[in-house]
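The lines below spell out each chain.
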Amino acid sequence: AARLVAVSEGGAVYDILAKIDAFIQANGTDGYAVGAEMNIASILTFTNIGRLVGGVFYGVPPTVCNPFLNIQLVRKTVGSNPAVIAWYDARIDQQKSLDKLSPAEQILVGCRNM
């Protein structure tokens, strides 16, 4: 229950997400966290937010980032990058099924369709 409070409006994690979203708005372009091309900031935003909403933290709903349009755009931009798609497709092939990936990886795979 405490995690849900933390990620809800007014909670500590929600406030951090709002700051990250504002940072991306001020410093990113075209769906990237910083600058206008793929970089470590965008990749880390994609993976870390994916873990936050992907079941690693029990009680955090997968919709927690919906209010944060800039974060969501980074997730979509990175998730729909051809190299990222190829990497996750290879993971699915390796595991023989999307369902055999971790919940967080399943969320990351789904970012391509946001």
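Rules used in this analysis
Residues numbered from 1 in each chain as written. Predicted model: local features only at pLDDT ≥ 70, side-chain atom pairs only at ≥ 80, totals over all residues. Heavy atoms only, no water. Patch = residues over 30% accessible without salt bridge, like charges linked within 9 Å, V, L, I, M, F, W, Y side chains within 5 Å. Areas by Shrake-Rupley, 256 points an atom, 1.4 Å probe, with all protein chains shown as cover. Salt bridge = Lys/Arg side-chain N within 4 Å of Asp/Glu carboxyl O. Buried < 20%, exposed > 50% of the residue type's maximum accessible area, 1.4 Å probe, protein only. Axes fitted to C-alpha atoms, helices over the stretch in contact; angles between N-to-C directions. Helix = DSSP H or I, 4+ residues; strand = E, 2+ residues; numbered from the N terminus. Parallel < 35°, antiparallel > 145°, perpendicular 65-115°, else oblique. Left-handed = near helix turned anticlockwise from the far one by under 90°. Contact = heavy atoms within 4.5 Å. Nonpolar A, V, L, I, M, F, W, Y, C, P; charged D, E, K, R; others polar. Phe/Tyr/Trp six-rings, centres within 6.5 Å; stacked < 30°, edge-to-face > 60°. Core = buried A, V, L, I, M, F, W, Y, C linked by side-chain atoms within 4.5 Å. Expected span 1.5 Å × (residues − 1). Polar contact = N/O pair within 3.5 Å; in protein donor to acceptor, adjacent residues only side chain to side chain.

Description of a nonpolar patch on the surface
- Together, Ile40, Ile43 and Leu44 make up a nonpolar patch on the protein surface, roughly 270 Å² of accessible area in all.
- Since its relative accessible area comes to 43%, Leu44 is described here as partly exposed.

Brief notes about the packing of helix H3 (residues 40–53) against helix H6 (residues 103–110)
- The N-to-C vectors of H3 and H6 enclose an angle of 125 degrees; their axes lie 8 Å apart at closest approach. Between H3 and H6, the crossing angle belongs to the class labelled oblique. Handedness of the crossing formed by H3 with H6: right-handed. Counted together, Phe46, Thr47, Gly50, Arg51 and Val53 of H3 and Ala104, Ile107 and Leu108 of H6 form the full contact between these two elements.
- Across the contact of H3 with H6, the residue classes tally to five nonpolar, two polar and one charged.

Considering the packing of aromatic side chains
- Summed over the entire model, instances satisfying the criterion amount to three aromatic pairs.
- Ring geometry for Phe46 and Tyr88: centres 6.4 Å apart, planes at 65 degrees, overall edge-to-face. Here Phe46 is found in helix H3, whereas its partner Tyr88 is found in helix H5 (residues 82–95), with 42 residues between them in sequence.
- Residue class for Tyr88 comes out buried when judged on its relative accessible area of 8%.
- One aromatic cluster is present, built from ring pairs that chain together Phe46, Trp87 and Tyr88.

Quick notes on the packing of H3 against helix H4 (residues 69–79)
- Between H3 and H4, the shortest axis-to-axis distance is 9 Å and the interhelical angle comes to 105 degrees. For the element pair H3 / H4, the angle class is roughly perpendicular. Taken together, the residues of H4 that come into contact with H3 (itself represented by Ser42, Thr45, Phe46, Ile49 and Val53) are Ile71, Val74, Arg75, Val78 and Gly79.
- For the contact of H3 with H4, the per-class residue count stands at six nonpolar, three polar and one charged.

Considering the nonpolar core
- Leu17, Phe46, Leu52, Val64, Cys65, Ile71 and Tyr88 are the most contacted members of the largest nonpolar core, which has 23 residues in total.
- Counting residues per element, the ones that place at least two in this core are helix H2 (12–27), H3, H4, H5 and H6.

A few points about H3
- For H3, with 14 residues, the first-to-last C-alpha span of 20 Å sits near the 20 Å given by 1.5 Å per residue.
- Those residues of H3 not exposed but buried are Ser42, Thr45, Phe46, Thr47, Ile49, Gly50, Leu52 and Val53.
- Where H3 is buried, its residues contact H2, H4, H5 and H6.
- Of the residues that open H3, the one with a side-chain oxygen 3.0 Å from the backbone nitrogen of Ala41 is Asn39.

Re unusual backbone geometry
- Even without a glycine there, the phi angle at Asp30 is positive, about 55 degrees.
- By secondary structure assignment, the location of Asp30 is in the loop between H2 and H3.
- A residue is classified by how much of its surface remains accessible, and Asp30, at 60% relative accessible area, is exposed.
- A positive phi angle, near 75 degrees, is found at Lys96, a position not held by glycine.
- Structurally, Lys96 is set in the loop between H5 and H6.
- On the accessibility criterion, Lys96 (70% relative accessible area) is exposed.

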